[in-house]
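# Coordinates in review
So you can see what is in the structure, the chains are spelled out below.
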Amino acid sequence: MSRNQARVQAISQITNRTPKAVTMPEPLSKIWASDVFNLAKMEQCLSKNAFKAMKKTVQTGAPLDPATADVVAAAMKDWALGKGVKFFSHIFYPMTNATAEKHDGFIIANSDGHAITEFTGSLLIKGEPDGSSFPNGSLRMTNAARGYTAWDPTSPAYIMHTDNGSTLMIPSVFMSWTGEALDKKIPLLRSNTAMDKAGQRVLSLMGEAEVATLNSSCGAEQEYFLIDANFAASRPDLTLAGRTLFGASPAKGQQFDDHYFGAIPERVQVFMQDLEDKLYKLGIPAKTHHNEVAPGQFEIAPYYEAANIASDHQQMLMTLLKITAKRHGFVCLLHEKPFAGVNGSGKHVNWSVGNATQGNLLDPGSTPHDNINFLLFCGAVIRGAHLYGPLLRAVIASASNDHRLGANEAPPAILSVYLGDQLEGVFNDIKEGKLLKSELGGFMDLGLSQILKFERDPGDRNRTSPFAFTGNRFEFRAVGSSASVSGPLVAMNTMLADSLNWIADKLEVELATGTSKPEAAIKVLKELMEAHSNVIFGGDGYSAEWHRAAVEDRGLKNLPTSADALPYFRDEAVIKLFSSTGVLTPVELESRFEVYSEQYLLSIEVEAKLVVDMATTSIYPAAIEYLSQLASTSSAMAALSITLDNSVAAAVASEANAMMTAVSTLNTALAVHDFASTEEHMQYAAGTLRSLMLEVRGHADVLEALVADDLWPMPKYSEMLFIR
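Residues numbered from 1 in each chain as written. Predicted model: local features only at pLDDT ≥ 70, side-chain atom pairs only at ≥ 80, totals over all residues. Heavy atoms only, no water.

## Some words on the overall build of the chain
- Within the chain, the secondary structure is distributed over 23 helices and 21 strands.
- For 724 residues, the compact-globule formula gives about 27 Å, and the C-alpha radius of gyration of the chain, at 28 Å, lands near that figure.
- Projecting the C-alpha coordinates of the chain onto the three principal axes gives extents of approximately 105 × 80 × 70 Å.
- Every one of the 724 residues in the chain was classed for burial, and the buried ones make up 53%.
- The long-range fraction of contacts in the chain, counting pairs at least 24 apart against all pairs at least 6 apart in sequence, stands at 75%.
- Accessible surface computed for the chain: about 30800 Å², of which carbon and sulfur atoms make up 53%.
- Side chains of the chain carry 61 positive and 81 negative charges; the gap between the two charge centres is 4 Å. (Helix = DSSP H or I, 4+ residues; strand = E, 2+ residues; numbered from the N terminus. Rg over C-alpha atoms; globule rule 2.2 N^0.38 Å. Buried < 20%, exposed > 50% of the residue type's maximum accessible area, 1.4 Å probe, protein only. Contact = heavy atoms within 4.5 Å. Areas by Shrake-Rupley, 256 points an atom, 1.4 Å probe, with all protein chains shown as cover. Lys, Arg positive; Asp, Glu negative; His and termini not counted. Charge placed at Lys NZ, Arg CZ, Asp CG, Glu CD.)

## Quick look at the nonpolar core
- Core analysis: the biggest nonpolar cluster contains 130 residues, and Phe-246, Leu-419, Phe-427, Phe-474, Phe-476 and Leu-507 have the highest contact counts within it.
- Considering each element in turn, this core owes the most residues, 17 residues, to helix 20 (residues 586-639).
- In this structure, Phe-427 is in contact with Leu-375, Cys-378, Gly-379, Ile-382, Leu-419, Leu-525 and Met-529, ignoring residues within four places of it in sequence.
- Core analysis: the second largest hydrophobic core is formed by 30 residues, Ile-31, Val-36, Met-160 and Leu-334 among them. (Core = buried A, V, L, I, M, F, W, Y, C linked by side-chain atoms within 4.5 Å.)

## A look at unusual backbone geometry
- Not every positive phi belongs to a glycine, and Ala-33 is a case in point at roughly 55°.
- Inspection of the secondary structure puts Ala-33 in the loop between helix 2 (28-31) and strand 1 (36-37).

## Observations regarding the packing of aromatic side chains
- Scanning all chains against the criterion turns up 18 aromatic pairs.
- Their ring planes at 55° and their centres at 5.1 Å tell us that Phe-675 and Tyr-684 sit as a pair that is tilted. Exposure class is identical for Phe-675 and Tyr-684. Each is buried.
- Put simply, the rings of Phe-374, Phe-467, Phe-469, Phe-474 and Phe-476 pair up and form one aromatic cluster. (Phe/Tyr/Trp six-rings, centres within 6.5 Å; stacked < 30°, edge-to-face > 60°.)

## Quick word on the environment of Pro-390
- Inspection of the secondary structure puts Pro-390 in helix 13 (residues 389-394).
- Between the C-alpha atom of Pro-390 and that of Ala-708, which follows or precedes it by 318 residues, the distance is 48 Å.
- Setting aside chain neighbours within four positions, we find Pro-390 in contact with Lys-557, Leu-559 and Tyr-568.

## Some details on the packing of helix 4 (residues 48-60) against helix 5 (residues 66-82)
- Two numbers describe how helix 4 lies on helix 5: the axes approach to 10 Å, and their chain directions differ by 105°. By the criterion of interaxial angle, the relationship of helix 4 to helix 5 is roughly perpendicular. Taken together, the residues of helix 5 that come into contact with helix 4 (itself represented by Ala-50, Ala-53 and Met-54) are Thr-68, Val-71 and Val-72. (Axes fitted to C-alpha atoms, helices over the stretch in contact; angles between N-to-C directions. Parallel < 35°, antiparallel > 145°, perpendicular 65-115°, else oblique.)

## Considering the environment of Leu-387
- Within the secondary structure, Leu-387 is located in helix 12 (residues 372-387).
- On the basis of relative accessibility, which here comes to 35%, the residue Leu-387 falls in the partly exposed class.
- Remark: the alpha-carbon pair of Leu-387 and Phe-476, spanning 89 residues in sequence, is separated by 16 Å.

## Focus on helix 17 (residues 544-552)
- Among all positions in helix 17, only Trp-546, Ala-549 and Ala-550 are buried. The buried residues of helix 17 occupy an angular sector of 100° when the element is viewed end-on, so they sit on one face. Opposite the buried face of helix 17, by more than 90 degrees, sit the exposed residues Ala-544 and Glu-552. (Arc of directions from axis to C-beta.)

## Describing the state of the cysteines
- Applying the stated criterion across every chain, the model contains zero disulfides.
- For Cys-378, which is in no disulfide, the shortest distance to another cysteine sulfur is to Cys-218 and amounts to 18 Å.
- We classify Cys-378 as buried; its relative accessible area is 0%. (Disulfide = S-S within 2.5 Å.)

## What to know about helix 7 (residues 185-205)
- Helix length check: helix 7, at 21 residues, gives a terminal C-alpha distance of 31 Å against a target of 30 Å (1.5 Å per residue), a fit within 8%.
- Immediately beyond the C-terminal end of helix 7, within one or two residues, lies Gly-207, with a positive phi of roughly 90°. (Expected span 1.5 Å × (residues − 1).)

## Section: the confidence of the model for the chain
- On average, the chain scores 89 in pLDDT, and the residues at 70 or more come to 91%.
- Within the chain, helix 19 (residues 572-581) carries the highest mean pLDDT (98), whereas strand 18 (residues 443-444) carries the lowest (46). (pLDDT = per-residue confidence, 0-100.)

## Re the side chain of Gln-254
- Note on placement: Gln-254 falls in the loop between helix 9 (236-241) and helix 10 (266-281).
- Reaching out from Gln-254, the side chain makes a polar contact with the backbone nitrogen of Asn-343 at a distance of 2.8 Å.
- Filtering out sequence-adjacent residues up to four positions away, Gln-254 remains in contact with Val-293, Ala-294, Pro-295, Val-342 and Asn-343. (Polar contact = N/O pair within 3.5 Å; in protein donor to acceptor, adjacent residues only side chain to side chain.)

## Comments concerning the environment of Val-490
- Secondary-structure assignment places Val-490 in helix 15 (residues 486-512).
- Remark: the alpha-carbon pair of Val-490 and Lys-197, spanning 293 residues in sequence, is separated by 15 Å.

## Brief notes about the pairing of strand 9 (residues 165-176)
- Burial within strand 9 is extensive, with ten of its twelve residues counted as buried.
- Of the strand pairs in this sheet, strand 2 (residues 87-91) and strand 9 are connected by five bridges, and their pairing is parallel. The residue of strand 9 that forms the bridge with His-90 is Ile-170.
- Note: strand 7 (residues 147-151) against strand 9, five bridges, orientation antiparallel. Along strand 9, the bridge assignment pairs Trp-151 with Ser-172.
- Bridge count for strand 8 (residues 157-162) against strand 9 is five bridges, and the pairing is antiparallel. Across the sheet, the residue bridging to Thr-162 is Gly-165, located in strand 9.
- Between the antiparallel neighbours strand 8 and strand 9 lie two residues. (Pairing = 2+ DSSP bridges.)

Next up, the structure:
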């Protein structure tokens, strides 16, 4: 079957498809966290002493003794076996945006030939995958391959059900034999510890007598596209690169603004219901779903959770999105820009910090000018974002996210902080050496008796800001849809820890002179604002004027590509930041630069090879076939003394030749391997390779508009985005 025949058949199958039948959902109270071995389950299964120890570990990070681990392992095994589970896996998160897992059976054979089940504390605590078979940035060589997984008791085990069976999944960390972090979870746990320690210092200096363990929280809004699996199967670029490398803009895209928050298509609604039932069983608090701006684009947003749990849940969510989509005949695209000309997908990471005694420390309350703890923690974020803006850009860097950042649908590649009018005014007052009372946002009154008045927020929202304060948290809007949230959380927690330590050092000096606590705090914040207020910006982040002023007047960095951003992992200030807080050693940080750079280069090179292949074997033959048909028709008409306009044939021939010339140039460019450094190689990929890929695409997309529709070999945007 030719590719065009597959395309036609796909359209026929899709238009005659009915939504997958699903049963009515069970009550939330019945299914919530039913597949999670959480504290509630542990309280039922463990002895009082074992449960007390586990609860303390989960809530405060206290160490757990091996004897308790044995008790937990036995209870966990019995619970899982009771739900039909035969296998367990230490699931971990290597330095990619994927998950890794090896499944082991509970079963062992004894000496008399009978099968029994076994799961001890030692099996729960440790696993041993190959440390050199995952990206590790030269931390592990093939001849030095040993690696370990270790159980993370602060994140609950759960059961993952598939059509092929069920597995007990045990969240774990992943390290080398020599102890270096090979994953994304160890740095996250370390960053929380560093932030807690620094936060405790500040709160104690401010007179807080009882301070519970601090933890960061995260709520990540996940955007994604759904296209029919039949279309994806006919697009090698979607299958291998996750995005379309070719595709002319359809007559109708998103310009009517008719998709955002529109009625959810029936088939998609059924998919969402199935997905959310699975999420609820795993204790993932999916709270919101809706149509996003682009046709075929949707969003799901969970409620806030502790950062470690939220990071695990985000990985599970991405896995379940893909698995569930497949069950419903869709392919879920998590690429940041799968379709040119329409909005791409992000993952807005809502981040805050708090504890059980002081609450949310980024909640200003109704009188932020009186909330000194809030001002100190918010000021620490401002300082961190100013000093480590390039780091924040580096932790969201990827070949796919580069398509999004700086475009008119996403925050720019310049890291700035938006506070809102009221809060910006408070900090400007502090900078001027005063602290005036600030007014709330007031009430919204439309003058309609049937519409109740409600309290208006003290500040507007700014969709062009990459890092915005949104009432009681910061929203890191520039994170990519396919990314793990761990990297951004590590960076934010670590820069906050560094700034809180700076504030604590300054407070200690001021308080030693007899200055009152409020006066000392305002004096420190004034110094902070004088040095770091340049990062605060409330205007249009898309404007050319801001791009100029940010760099020339404020000294901020504009890092449009990952090739520009990733080298900041090698910056002396960043190395010092991570080593001084104990989050990453210089060796571990260097490994991340190497891994992320390699991933970036591989992504672009795979796409470039696909461009060459698809243009040569699919698009060019379609153009030649059409030219052949035009030539035959023209000859037949000439025999009847009928002259046809040959301008279309001339245009097709011209574009086809130009495309193949560009393909040849791209193919030659791919063979270049002589680079003095990784940085030089990345700049070559970002500049030369991507420019040549766009040149090939430009000609191919013109051909799509010229070649007869029944000859075009791939599903078009108008089909993939609108046919459900």
